[in-house]
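The lines below spell out each chain.
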Amino acid sequence: MLKIERSKNWYWLNVLFPLGIWSLVLILPFTFRIGNFPPEVRSSMYKTVVLSNVLLIVIFYVHHFLIYPVKEKRYGLYLYVLLLAVIFIAFLLINHSFYTDLSRFPRPEFPKPGFHKPGFPGQGFGGRGGDRPPNVLMSLLPFTFVIVMSFCFRLYSDKVIRDKQIEELENLHLKTELEFLSSQISPHFMFNVLNTLVYMSRKKPELVEPSLISLSQMMRYMIYDSDEGQITLADEIQYLKNYTNLQLLRFGDSVRFNLYLSGAFEQYSIAPMLLIPFVENAFKHGTGTLEEPIIDISIIVNQNQLLLLVENEIAAVNQSVPAPARKDSGIGLSNVRRRLELLYPGRHFLETRKEDQLFNVKLLINF
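Since the model is a prediction, treat every value here as computed from it, not as a measurement.

Conventions and cut-offs
- Residues numbered from 1 in each chain as written.
- Predicted model: local features only at pLDDT ≥ 70, side-chain atom pairs only at ≥ 80, totals over all residues.
- Heavy atoms only, no water.
- Helix = DSSP H or I, 4+ residues; strand = E, 2+ residues; numbered from the N terminus.
- Contact = heavy atoms within 4.5 Å.
- Pairing = 2+ DSSP bridges.
- Axes fitted to C-alpha atoms, helices over the stretch in contact; angles between N-to-C directions.
- Buried < 20%, exposed > 50% of the residue type's maximum accessible area, 1.4 Å probe, protein only.

Visitor: Now, about the overall build of the protein: what can you tell me, with residues and values included?
Guide: Of the regular secondary structure elements, the protein holds eight helices and seven strands. Summarising the internal contacts of the protein: among those between residues at least 6 apart in sequence, 72% fall at separations of at least 24.

And the structure:
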């Protein structure tokens, strides 16, 4: 079972709220004026009522913590009813003892209307014509009320704990899924970078050394920085620049690449490696067989909102020649789409459109 932390809501529900209710129950008898009785009688009556209420409070918590859980055991319902009967009998006996103690005081006589009759000591409160201890029916009413309240309170407490467990399980599941998605990014990205290095080692060996330097900077970011839950947007953009520089070393002037940046990126944080899949996808599908491909990227931050626009050309599909299926195709975008749903629920907008030979991405994130 998951460990449930005692939050402020839990403390209010299980400690402060019942404490306030029971304090009111104990104080309430003192707000009413009992009849014209001697002080010692009045004091004893107050004591009896308070002790009876304290007994009901004890029954409330005995049922809440000890008797209610019995229902979950084998033959629990029968045992539950049996324990309630035992508790009720104990309540009758103890409550009777409280009122029996009150009978030692004489009952005062009050003059009848129309003539004066001197008072004389009457029978005790427990004697004939006096105030007797409450009968079984009168005792059953407060007992039943307390048991019902305890039962409902236990149901509500269990629901709160169960909802908390479900919430923690969901958070644990989301955390595990995010870690899995993040673990997919690095191998997928490294696969494409290594392909770039292989190409340059064959066609442009003089560029391998600066490419490896850029790669080492990116790997340092991937190993040390991407494990953090949040990084500055400036760090994410620097990583994006390192990646585009590596790609431009490979393609040179054959790709027209435009990068537009605007905003105070140091003031905002973002999940690491969240923007790179869109740029990676542009280079992956926006080059190749195209002549003088164009890739335009804009990153703008304004009024607590991030806007990413990516536009790249894509090669026309020859319908007569089916494209070979690739297992790694689409991992990047589907991955980042799911990460956005988990990290920025209700605070992001992602749109991808394919028009003629252009592929457009629009991403909005509200910080």
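Having seen it, we continue.
Visitor: Outline the sheet that holds strand β4 (residues 294–301), listing residues and values.
Guide: Strands sit in the order β2-β4-β5-β7-β6 across an open sheet of five strands; the sheet is mixed. Edge strands, defined here as strands with exactly one partner in the open sheet, are β2 (256–262) and β6 (348–355). Strand-to-strand twist across the sheet, computed as the mean angle between neighbouring axes with direction ignored, equals 5°. In this sheet, strand β7 (residues 358–366) lies alongside strand β5 (residues 305–313) in antiparallel orientation, the contact comprising nine bridges. Looking at β7, one finds that Asn312 is bridged to Phe359. Packed on one face of the sheet, helix α7 (residues 276–285) meets β2, β4, β5, β6 and β7 and runs near 5° to β5.

Visitor: Describe the side chain of Asn360, with residues and values.
Guide: Note on placement: Asn360 falls in strand β7. Here Asn360 is in contact with Val310, Glu311, Glu351, Thr352 and Arg353, once residues within four sequence places are set aside.

Visitor: Before we move on, could you go through unusual backbone geometry and cite the residues and values that matter?
Guide: Glycine aside, the phi torsion of most residues is negative, and most peptide linkages are trans. At Asn304, a position not held by glycine, the phi torsion is positive, near 60°. Given a relative accessible area of 44%, Asn304 falls into the partly exposed group. In the Ramachandran plot, Asp356 falls in the positive-phi region, its phi being about 55° despite a non-glycine side chain. Mapped onto the elements, Asp356 comes out in the loop between β6 and β7.

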